[in-house]
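Listed here are the chains, written in short residue letters.
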Amino acid sequence: MKSLYLGIDASTQSMTGTVIDCVSSTVLLSESVNFERDLPDYGTSAGVCSSAENPLEVWSYPLMWLDALEVLLGRISKLVDMKKISAISGSGQQHATVWLNSRKAFSSYDISKSLSENIRPFLSREKSPVWMDASTSVECREMADRAGGEKNVLRKTGSIMTERFSGAQIRKIFKFEPAVYSATQRIHLNSSFMCSALCGADSPIDYCDGAGMNLMDIANFSWDLDMVSACAPNLCEKLPPLACPSSVAGNISQYFCEKYGFDRGAKVVVFTGDNPSSLVGLGASGDGVSAVSLGTSDTFFCSTKNFSPVENAHVFCNPNGGYMGLVCFRNGSLAREKFRELMGVDWKFFDEISFENYVPRDDGKIILPFFVDEISPKLSSDSPEFFGFSPEDSKQSRIRAFVEGQVFNIYLQAKKMGAIPKKIILTGGASKSSGIAQTLADVFGSEIYRLEACQNSAALGAAIRAASFEYEMDSLESMFCPLTKAAIPRKEYSNIYTRKLGEFEKSLLPKLKD
Ligand code: XUL
């Protein structure tokens, strides 16, 4: 019986494969190939390269991703019986484009050659601009003007024109590399490229990842012809069709059956972006659930039935139906670390001791917690600002006000999207802090959960999406994303926090850029 499902996440620094078994409800394995370490010939640093003349230009190599896929499958095939894999899906870093001179690039592979050797002649551009590229502000302005203004772009596509999004990147290549543009017949995303390579056929882009291009009409799940023509001429014919994230792109290509032992009947479910995939892998794709990832920068993910575009947020589609919102905060763990150093305390003091027996009070003590310019909301800052503090105030009260400031800021952005959830799933390095968990619970009025096992959520989400070909997504999420309760809201403090939030918002106002 074929009870196994494989998820592959092609992220920025590495490619991860996760295999789940739906009969025993277990994650069988998770293997990773690190681009810089395992494929040094490409000369990337953490999976990307950037230009000395223009550090805003950042790229990677599609052929490297194909080589990584082969290394990964080679390793996995030594650990599991590949014949038992029923379906495969995947995810990729969002926004990266792959430029091909033919739609037939994937139609026949020579088994005596590597996958990258097979695809090499079909690349019209050897490099793929990736999400870290911020070199397209001129193209963003041009596209917004041509498409009737920024508000229009936001309403149609779910995001304002954004430098790293594929639309602005495509326009830049059309303007500065006209020969490449005209030689190109297909522009894939990382996700649809990897999916095409696996099933040996030109695959569609799924709506969820398509929403990260500033080219899609997000309400109707179709290419927005005004946005497409604001981007570059004849672009429509170069873009793959859009498809529902649960659709099957095809069976796995014979090449992988012969080389790695897959069964020819194994299905390939269309790949999606890493963020929509993570939403599933965190068990947060159900309506009214959110996830907060506390990493280098903090990220707020939410799933919603309807979408309300907000300037600082991005709306993508949710693989489980409806929409997902994503807000990134630059002042995340790095800011927490700097504040901890400023207070001269260790992490135990910062995360736990400061919050022991804490009773929220209407004390007017507010901190704007920004060490660097913030993007959500847009403001300039190089150090936190204190309001209502006197020199005698303890380190504990400063740490609590700092954490409250971070949580207030997340709350205000979530509220703008109309996404105050009943349940929040907390992940990332700082999610172990009980102080942060309780503050989130009290400010949001939501129950806070932690994921029991910390795994690559995008690869797990991809494996779950592969399995959703045969099982219900919601039951797969509860099977593979077990949660433990971390904090419950203390309703008796909700009025205090409503007032403090108001004060925080008032202190923030003068700093906001328009
Ligand atoms: C989202 C974004 C990144 C990439 C890489 O808009 O740019 O999260 O998807 O992971």
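Some points on the nonpolar core
Core analysis: the biggest nonpolar cluster contains 59 residues, and Ile20, Met161, Ile170, Leu215, Trp223, Leu235 and Ile464 have the highest contact counts within it. If we skip the residues at most four places from it in the chain, isoleucine 464 touches Ile20, Val280, Met473, Leu476, Phe480 and Cys481. Listed in part, the 53 residues of the second largest apolar core include Leu39, Val48, Cys195 and Ala197.

Topic: the pairing of strand 17 (residues 289-294)
Of all six residues making up strand 17, six are buried, and the element is well covered by its neighbours. Burial along strand 17 is two-sided: Val289, Ala291 and Ser293 and Ser290, Val292 and Leu294, pointing in opposite directions, are all buried. Here strand 17 pairs with strand 25 (residues 423-427) via five bridges, running parallel. Across the sheet, the residue bridging to serine 293 is threonine 427, located in strand 25. Two strands pair when backbone bridges link them, and strand 17 and strand 18 (residues 298-304) are joined in this way by five bridges, in the antiparallel orientation. Note that in strand 18 the partner of serine 290 across the bridge is cysteine 302. Adjacent in sequence and paired antiparallel, strand 17 and strand 18 are bridged by three residues.

Some details on the sheet that holds strand 17
Reading across the sheet, the seven strands line up as 19-20-18-17-25-26-27 and stay open at both edges, with mixed pairing between neighbours. The open sheet is flanked by strand 19 (314-317) and strand 27 (483-487), the only strands paired with a single partner. With direction set aside, neighbouring strand axes in the sheet form an average angle of 25°. Relative to strand 20 (residues 323-329), strand 18 is paired through seven bridges, and the arrangement is antiparallel.

A few points about empty space enclosed by the protein
In this approach a probe as big as a water molecule rolls over the atoms, and the regions it shows empty are the leftover space. Going through the model one piece at a time under the given rule, you end up with four cavities of 30 Å³ or more. Computed from the structure, the largest cavity encloses a volume of approximately 70 Å³. A total of three residues in the lining of the largest cavity trace back to one element, the largest contributor, which is helix 15 (residues 395-416). For the lining of the largest cavity, the class distribution of residues is four nonpolar, three polar and two charged.

Some points on the sheet that holds strand 8 (residues 128-129)
In a beta sheet, neighbouring strands are held together by backbone hydrogen bonds and run either parallel or antiparallel to one another. Taken together, three strands build an open sheet; the order of strands is 4-5-8 and the sheet is antiparallel. A strand with exactly one partner marks an edge of an open sheet, and here the two such strands are strand 4 (49-50) and strand 8. In this sheet, strand 8 lies alongside strand 5 (residues 58-60) in antiparallel orientation, the contact comprising two bridges. Bridging across to strand 8, tryptophan 59 finds its partner in proline 129.

Some details on unusual backbone geometry
The peptide bond linking serine 376 to proline 377 adopts the cis configuration, its omega dihedral lying at -5°. Structurally, proline 377 can be placed in the loop between strand 22 (374-375) and strand 23 (378-379). Although it is not a glycine, phenylalanine 221 sits at a positive phi angle of roughly 55°. The residue phenylalanine 221 is located in the loop between strand 11 (216-217) and strand 12 (222-223) in this model.

Here's the deal with the pairing of strand 20
Of all seven residues in strand 20, six are buried; the element is thus mostly enclosed. Following strand 19, the chain reverses through five residues before pairing antiparallel with strand 20; glycine 321 in that reversal takes a positive phi of roughly 100°.

Criteria and thresholds
- Throughout, residues of each chain are indexed from 1 in the direction in which the sequence is written.
- Where local features are concerned, this predicted model is filtered to residues with pLDDT of at least 70; where side-chain atom pairs are given and counted, the filter is 80 or more; whole-chain, interface and lining totals use all residues.
- Hydrogens and water molecules were not included; the side-chain quantities draw on all heavy atoms of the structure.
- We define the nonpolar core as a collection of buried residues of types Ala, Val, Leu, Ile, Met, Phe, Trp, Tyr and Cys that are connected through side-chain atoms lying within 4.5 Å of one another.
- Here the term buried applies to any residue with accessible area under 20% of the maximum for its type, exposed to any over 50%, and partly exposed to those in between, with areas from a 1.4 Å probe on protein chains only.
- Any two residues whose heavy atoms approach within 4.5 Å are treated as being in contact.
- Each helix corresponds to a stretch of at least 4 residues labelled H or I by DSSP, and each strand to a stretch of at least 2 residues labelled E; elements are numbered beginning at the N terminus.
- Strands are treated as partners if at least two bridges between them are detected by DSSP.
- To obtain each axis, a line is fitted to C-alpha atoms, and for helices this fit is confined to the stretch in contact; angles are then taken between N-to-C directions over 0 to 180 degrees.
- Buried and open spaces are told apart on a 1 Å grid over the protein atoms alone, a cavity being a set of points where a 1.4 Å probe fits but cannot get out and a pocket being an open set with protein on both sides within 12 Å along at least five of seven lines. Residues with an atom within 4 Å of a point are the lining residues.
- Grid points are joined across faces, edges and corners, and a volume is the space filled by probe spheres set on the points.
- When residues are sorted by character, Ala, Val, Leu, Ile, Met, Phe, Trp, Tyr, Cys and Pro go into the nonpolar class, Asp, Glu, Lys and Arg into the charged class, and all the rest, Gly among them, into the polar class.

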